[in-house]
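# Architecture and fold: a report
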Amino acid sequence: MDDVSLDAGQSGPDGKLLTGPDGEVLIALTPEQIERRQLLERERAERAAKQAKFGQIPTVIVDDIHIVYKIYGAGVGKGSATSAMSRIVSRRTSPALTEVHAVKGISFTAYKGEAIGLIGSNGSGKSTTLSAVAGLLPVESGAIYTDGQPSLLGVNAAMMNDLTGERNVVLGCLAMGMSKAEVKQRYQGIVDFSGIQERGDFVSLPMRTYSSGMAARLRFSIAAAKTHDVLLIDEALATGDTAFQKRSEDRIRELRKDAGTVFLVSHNNKSIRDTCDRTIWLEAGLIRADGPTEDVVKEYEDYMKSR
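The present account deals with the structure reproduced in this document. Computed from a predicted model, the values in this text were never measured in an experiment.

## So, the overall build of the chain
For the chain, the helix and strand inventory stands at nine helices and 12 strands. The buried share among the 307 residues of the chain stands at 43%. In the chain, 67% of the contacts between residues at least 6 apart in sequence involve partners at least 24 apart. Summed over its atoms, the accessible surface of the chain is roughly 16,400 Å², and 52% of this surface lies on carbon and sulfur atoms.

Following this line, the structure appears as structure tokens:
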């Protein structure tokens, strides 16, 4: 349920009011929203106490990176397999080269215990940035430093369409470095968390029979079964029903407490607000804002409304 606007003197359905610095009534909060705000405040207080005691520990440093995609043979009729083979045999170079400057000199530092949202319109460089942090894309210039191994959701837990869900769970966990004993111990929890068994015995069927949402939920469940130094999540929380999204958000909070840093790319601003305390807004390959989630998301929403 969304926040309900109130005039001065009105009371909300549960009698809980949020007031401004001068005592004016701003909004009424539902019990669920009150609980969520209190949880976020407790987590912020815990992180602040740890940082005061031990100091902030950087986990990812992105230093003035530029990422450029080079597209060869971009002209009409130049990208077919036949023309490519002809150029290889004749040792001719590609007649056309198109460069797309996807990320343009961005810098930021992420710290242990943070959950950072990445927002922006389509093509702004969010997923490209995550891929670069994961080590899957080279940077044209600049550098990325990480403390520990970044894990991009769905890469470490790779799916094989011809294998069953059960075999994919086992292989995905082994690929993340779990022992066979750990896989056996966590297997049922992974399957239950994904919810793929709610409508039948899908775990015994090949992955090619799964919907895209079921496959995404299983990937998230496998990746989230292990504590990561840096976990990178790209649009995973956009799949599944409300119950799965709530389980995912709770699991991300657990990962933040037990591990390093979580990055979340999403077009769902509610997921960003509920999960992240810091947000980076990328637009056209540049950082437009970096700060507290509520402030940055509000600025982004105002920008999108004005377009």
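## Here's the deal with unusual backbone geometry
Note on backbone geometry: most residues besides glycine have negative phi, and most peptide bonds are trans. Its identity is not glycine, yet Asp64 carries a phi of approximately 50°, on the positive side. Structurally, the position occupied by Asp64 is in strand S4 (residues 58-72). Its identity is not glycine, yet Ala284 carries a phi of approximately 55°, on the positive side. Mapped onto the fold, Ala284 is located in the loop between strand S11 (278-283) and strand S12 (286-292). Taking the relative accessible area as the measure of exposure, Ala284 reaches 44% and is therefore partly exposed.

## Structural notes on the pattern of salt bridges
Under the counting rule described, the total for this entry stands at eight salt bridges. A salt bridge links Lys70 to Glu140; its shortest N-O distance comes to 3.3 Å. In this pair, Lys70 sits in strand S4 while Glu140 sits in the loop between helix H3 (126-133) and strand S7 (141-146), placing the two residues 70 residues apart along the sequence. Residue Lys70 is classed as partly exposed on the basis of its relative accessible area, which comes to 35%. Of the charged contacts, one joins Arg273 and Glu294 as a salt bridge, the two residues approaching to 3.1 Å between their closest N and O atoms. Of this pair, Arg273 sits in helix H8 (residues 269-275) while Glu294 sits in helix H9 (residues 293-306), and the two are 21 residues apart along the sequence. A relative accessible area of 24% places Arg273 in the partly exposed class.

Calculation notes
Residues numbered from 1 in each chain as written. Predicted model: local features only at pLDDT ≥ 70, side-chain atom pairs only at ≥ 80, totals over all residues. Heavy atoms only, no water. Helix = DSSP H or I, 4+ residues; strand = E, 2+ residues; numbered from the N terminus. Buried < 20%, exposed > 50% of the residue type's maximum accessible area, 1.4 Å probe, protein only. Contact = heavy atoms within 4.5 Å. Areas by Shrake-Rupley, 256 points an atom, 1.4 Å probe, with all protein chains shown as cover. Salt bridge = Lys/Arg side-chain N within 4 Å of Asp/Glu carboxyl O.

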